[in-house]
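# What the coordinates show
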Amino acid sequence: MATLKEIANIAGVSSATVSRVLNQDPALSVTEETRKRVLQTAKNLGYQTVQQRYQAFREKEAGRTPQQSPVEKRIGIAQMFEKQQLLEDIYYLMFKNVMDQVCFERQWSTVMLSRNSQGHFIKNDDLPLDGIVAIGRFTQEEIDDFLTYTDNLVFLDSSPDPEKYCSIVPNYALAVQQVLSCFWFHGYRRIGYLGSVCTYGAKKELSMDPRFYYFKNSLLERETYDVNLVLNCEMNSASSYAVVKDYIEQGKELPEAIFASSDVVVPGLLKALREHRIQIPRDLGVITFNNTSLSQYAEPPLSSVEVFLQENADAAALCMELLWQKKIHPKQIIVSCKLEDRGSVEFK
């Protein structure tokens, strides 16, 4: 039987697009021409959708002989953010795309779970799920929604209950240490923080952001923490622009360097600095977190902490396989980070 990759190569699209077209993902935005091309290619190659295979499986159970192999694994993918928020914070969009690809490589189908008008997570078919990968942070009510579909839950980028669920999280402590060590090595002492001091915790309740927690405590240990250098803003570019602009126009002394806690605040930071002719790294050293295209293709390019999305997604898939085999107790996997140097910090 044809694979998703073979269909993608012939149709001239990604494997992720093929899967979403075949699974009738309502959130997918492609032209009707592309949709028809994918469907026709799949038909020409004899590809059968999960629904068709599942029907064949049911027929086999009823004593009839199907014409295809047994049903493949179906993995639900749940996102913390809605579609518009994902467009603003591409980190989580990238996370989903990488998780999709990891599933495709294992011949697992992915099914998007989306919120209905009452805020409950639903899917667009009546077929069962073999597991759910939840990306981001979720309330207990949302986790209860997942449990109505399957007990096999793996959380990416949060750990709501280490006694119950497998989770994969970045090593925030290491990431912040890498950032601060780089600043200290280059002679910076007055270091600022740009981002939300409080963000959604493991169960989507506001709590101190782990990046700020490790930032503050590391500077307190060196007796260099200055609350006046904390630029507390929402995690979006509009808020970061407003906060940085206001800080500068109040005539406050600039920090020597800034740790931007997410790439999502970078466009606002750069816009405010350009308007006031403040140059990186001449006037201000900057390091960001997430290492997305927002830091890679900024002007100038910004040093950033790489979170290793592929390794996180691979770990989630491994946990899922162990859950199916009943060979795992709940565990939290902490994945390392690495600072990608692009020259946005220089010696003072």
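Right above here is the structure, for reference.
Residues numbered from 1 in each chain as written. Predicted model: local features only at pLDDT ≥ 70, side-chain atom pairs only at ≥ 80, totals over all residues. Heavy atoms only, no water.

## Thoughts on helix α11 (residues 266-275)
Selection rule: Working definition: with a 1.4 Å probe on protein chains only, accessible area under 20% of the residue-type maximum means buried, over 50% means exposed, and in between means partly exposed. To qualify as a helix, a DSSP run of H or I must reach at least 4 residues; to qualify as a strand, a run of E must reach at least 2; elements of each kind are numbered from the N terminus. Whether two residues are in contact is decided by their heavy atoms: any pair within 4.5 Å suffices.
The set of residues buried in α11 consists of V266, G268, L269, L270, A272 and L273. Looking at the buried positions of α11, the neighbouring elements they touch are β7 (191-195), α10 (237-249), β11 (257-260), β12 (285-290) and α12 (293-296). Looking one or two places after α11, you find R277, whose phi comes out positive at around 55°.

## Looking at the sheet that holds strand β10 (residues 230-232)
Heads up, the rule is: Only when DSSP finds a minimum of two bridges between them are two strands counted as paired. Interaxial angle, 0 to 180 degrees, is taken between N-to-C directions of lines fitted to C-alpha atoms, where a helix line uses only the stretch in contact.
The sheet built from six strands is open, its strands ordered β10-β7-β11-β12-β13-β15 with mixed pairing. The outermost strands of the open sheet, each flanked by one partner alone, are β10 and β15 (338-340). Going across the sheet, the axis of each strand differs from the next one's by a mean of 20°, ignoring polarity. Bridge count for β7 against β10 is three bridges, and the pairing is parallel. Counterpart to Y193 in the pairing with β10 is V230. Against the sheet, helix α8 (residues 172-185) makes contact with β7, β11, β12, β13 (303-306) and β15, and its axis sits at roughly 165° relative to β12, the strand it touches most.

## Section: the nonpolar core
Worth spelling out the cut-off: Side-chain atoms within 4.5 Å link the members of a nonpolar core, which is a set of buried Ala, Val, Leu, Ile, Met, Phe, Trp, Tyr and Cys residues.
Judged by nonpolar contacts, the single largest core of 66 residues is most densely connected at M99, F138, F146, F183 and F215. A per-element tally of this core places helix α13 (residues 309-324) first, with nine residues. One finds Y241, V265, L269 and V286 within the second-largest nonpolar core, a separate group that totals 23 residues.

## Regarding the sheet that holds strand β6 (residues 166-170)
Spatially, β3-β2-β1-β4-β5-β6-β14 is the arrangement adopted by the seven strands of the open sheet, whose pairing is mixed. Two strands in the sheet have a free side with no partner beyond their single neighbour: β3 (121-122) and β14 (332-335). For β6 and β14, the ladder comprises four bridges, and the chain directions are parallel. Along β14, the bridge assignment pairs I168 with I333. Most of the contacts of helix α7 (residues 140-147) go to strand β5 (residues 153-156), to which it runs at about 140°, and overall it touches β1 (74-79), β2 (109-115), β3, β4 (131-135) and β5.

## Things to note about the pairing of β12
Keep this limit in mind: Every crossover in which the path from the first strand over the helix to the second runs clockwise, viewed with the strands pointing away from the viewer, is termed right-handed.
Burial runs high along β12: six of the six residues are buried. As a crossover connection, the stretch from β11 through α11 into β12 is right-handed. Across four bridges, the pairing between β12 and β13 is parallel. Bridge pairing in β13 links F289 to V305.

## Description of helix α3 (residues 32-44)
Basically, it comes down to this: In this analysis, the expected span of each helix is defined as 1.5 Å times one less than the number of residues it contains.
Here α3 spans 18 Å end to end across 13 residues, near enough to the 18 Å set by a 1.5 Å rise per residue. Each element contacted by the buried residues of α3 is listed here: α1 (4-11) and α2 (15-22). Two residues or fewer after α3 comes G46, characterised by a positive phi angle close to 75°.

## Quick notes on unusual backbone geometry
Cis geometry is adopted by the peptide bond preceding P281, which originates at I280 and carries an omega value of 0°. Within the fold, P281 resides in the loop between α11 and β12. In this model, E299 is joined to P300 through a cis peptide bond whose omega is 0°. Tracing the backbone shows P300 in the loop between α12 and β13. One non-glycine residue with positive phi stands out, namely N290, at about 115°. By the element assignment, N290 lies in strand β12. The phi dihedral of N291 is positive, around 55°, even though this residue is not glycine. The topology assignment puts N291 in the loop between β12 and α12. The class for N291 is buried, based on a relative accessible area of 5%.

## A few points about the layout of surface pockets
Quick reminder of the rule: Grid points spaced at 1 Å over the protein atoms alone were grouped into cavities, where a 1.4 Å probe fits but cannot get out, and pockets, open sets with protein on both sides within 12 Å along at least five of seven lines, with lining residues defined by an atom within 4 Å of a point. Grid points are joined across faces, edges and corners, and a volume is the space filled by probe spheres set on the points. Lys, Arg, Asp and Glu make up the charged group, whereas Ala, Val, Leu, Ile, Met, Phe, Trp, Tyr, Cys and Pro make up the nonpolar group; the residues left over, Gly among them, are polar.
Quantified by volume, the largest pocket comes out at close to 620 Å³. Looking at which element gives the most residues to the lining of the largest pocket, the answer is strand β8 (residues 198-200), with three residues. When its residues are assigned to classes, the lining of the largest pocket shows twelve nonpolar, six polar and ten charged.

## Quick word on the packing of aromatic side chains
Operational definition: Working definition: a ring pair exists when centres of Phe, Tyr or Trp rings (six-membered ring for Trp) sit within 6.5 Å. Plane angles under 30 degrees give stacked, over 60 give edge-to-face, the rest tilted.
Counted by the stated rule, this structure contains 18 aromatic pairs. Judged by centre distance (5.1 Å) and plane angle (55°), the rings of F121 and F146 are tilted. You can see F121 sitting in strand β3 and its partner F146 sitting in helix α7, a full 25 residues away along the chain. Pair check on accessibility: F121 and F146 agree, each one buried. Aromatic pair Y193 and F215: ring centres 5.2 Å apart, planes at 50°, arrangement tilted.

## Structural notes on the pattern of salt bridges
Between side chains of opposite charge, a pair can form when the charged atoms approach closely. Stated formally: We count a salt bridge whenever a side-chain nitrogen from Lys or Arg sits within 4 Å of a carboxyl oxygen from Asp or Glu.
Taken as a whole, this structure holds twelve salt bridges when the rule is applied. The shortest N-O distance in the salt bridge between E321 and R106 comes to 3.7 Å. With E321 in helix α13 and R106 in the loop between α6 (90-105) and β2, this pair connects stretches of sequence that are 215 residues apart. Relative accessible area serves as the criterion here: at 26%, E321 is assigned to the partly exposed category. Overall, R106 belongs to the partly exposed group, its relative accessible area being 29%. Connected through salt bridges with shared partners, the residues R74, K123 and D125 form a single ionic network.

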